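Survey of secondary and tertiary structure
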Amino acid sequence: MPPILTKTRLTFHDKFRIYEHQAFGPPALVFPALGAGLRMADPPKNYPHDWVDGGGAFGRLYGSALATQTSKRTAGFLAESLLHEDPRYLPAPEGANAGSRILHAVAFSFVDRTDSGGHTLAFSNFASATAGGFVGMAYLPPGFNDASHAGQRVGTEFLDIVIANVAREFAPQWTPLARKLHIPKIVPAWWVPERPQHP
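What this report covers is the structure whose coordinates are included nearby.

Calculation notes
- Residues numbered from 1 in each chain as written.
- Predicted model: local features only at pLDDT ≥ 70, side-chain atom pairs only at ≥ 80, totals over all residues.
- Heavy atoms only, no water.
- Core = buried A, V, L, I, M, F, W, Y, C linked by side-chain atoms within 4.5 Å.
- Buried < 20%, exposed > 50% of the residue type's maximum accessible area, 1.4 Å probe, protein only.
- Contact = heavy atoms within 4.5 Å.
- Salt bridge = Lys/Arg side-chain N within 4 Å of Asp/Glu carboxyl O.
- Helix = DSSP H or I, 4+ residues; strand = E, 2+ residues; numbered from the N terminus.
- Expected span 1.5 Å × (residues − 1).
- Patch = residues over 30% accessible without salt bridge, like charges linked within 9 Å, V, L, I, M, F, W, Y side chains within 5 Å.
- Areas by Shrake-Rupley, 256 points an atom, 1.4 Å probe, with all protein chains shown as cover.

**Digging into the nonpolar core**
Counting 6 residues, the largest nonpolar core is built from Ala-36, Tyr-47, Trp-51, Leu-61, Leu-140 and Phe-144. Those residues in contact with Tyr-47 that lie beyond four places of it in its chain are Arg-39, Val-52, Leu-61, Leu-140, Pro-141 and Phe-144. Listed in part, the 5 residues of the second largest apolar core include Val-154, Phe-158, Ile-161 and Val-162.

Put into structure tokens, the structure is as follows:
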């Protein structure tokens, strides 16, 4: 079974398997391409022409998205491993109402579990957001590769973590809803082999 489906304490190898899938699996290649396309459709104001038009621009934006994602995942994995954080999301207790579940998901972005089951500041999330925000200083065009823009990107990356946790919290309700709406299952099992579960 994929490590995130188990309830046992994760080893370094388990954490690496999760990181490997998140950083280099199919979603890690496809979603940056979608993001690059959206960025081309609505580029930031004053973005240079070679970043907004043509195949070269798409390549730059795709490369930027890949670099951001890989930096985020790598920084998060290193922090989790060194500081003994458990990368698995822990849903709210059964029976919690929607508001409590949202608050739980937001709080889980700031406070993480340790390998031993305790609680700790989510250093891995902060490391992930910081790496994703600052990596662009190495290659983004002038005017967008400064510390001010990097700080803004850090905020955006952390917000993405919060949104992802909320999505994980309510993921169990999506499958029955999809069945009820007769939405076909179009994502193969190997696409996302790890799903959140109580540890």
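Don't stop here, the text continues.
**Considering the pattern of salt bridges**
Scanning the entire structure with this criterion turns up 5 salt bridges. Here Asp-115 ties to Lys-15 by a salt bridge, and the two come within 2.9 Å at their closest N and O atoms. Of the two residues, Asp-115 is situated in the loop between β1 (111-113) and β2 (119-121) and Lys-15 in helix α1 (residues 12-24); the sequence distance between them amounts to 100 residues. Asp-115 gets classed as buried once you look at its relative accessible area, which sits at 12%. The exposure class assigned to Lys-15 is buried, which follows from its relative accessible area of 4%.

**Side note on helix α3 (residues 55-83)**
End to end, α3 covers 42 Å across 29 residues, agreeing with the expected 42 Å (1.5 Å per residue, within 8%). After α3 finishes, the residue His-84 shows a positive phi value of roughly 60°.

**Observations regarding unusual backbone geometry**
Residue Asn-46 is not a glycine yet carries a positive backbone phi of 70°. Along the chain, Asn-46 falls in the loop between α2 (26-41) and α3. Asn-46 sits in the exposed class, given a relative accessible area of 66%. The phi dihedral of His-84 is positive, around 60°, even though this residue is not glycine. Secondary-structure assignment places His-84 in the loop between α3 and α4 (98-110). Classification of His-84 as partly exposed rests on a relative accessible area of 45%.

**A word on a nonpolar patch on the surface**
A contiguous nonpolar patch, built from Leu-78, Leu-82, Leu-83, Phe-110, Val-111, Leu-121, Phe-123 and Phe-126 and spanning about 720 Å² of accessible area, is present on the exposed surface. Where the nonpolar patch is concerned, the elements lending two or more residues are α3 and α5 (123-134). No other element matches the 3 residues that α3 contributes to the nonpolar patch. Considering the arrangement of structural elements, one finds Leu-121 in strand β2. The class of Leu-121 is partly exposed, set by a relative accessible area of 43%.

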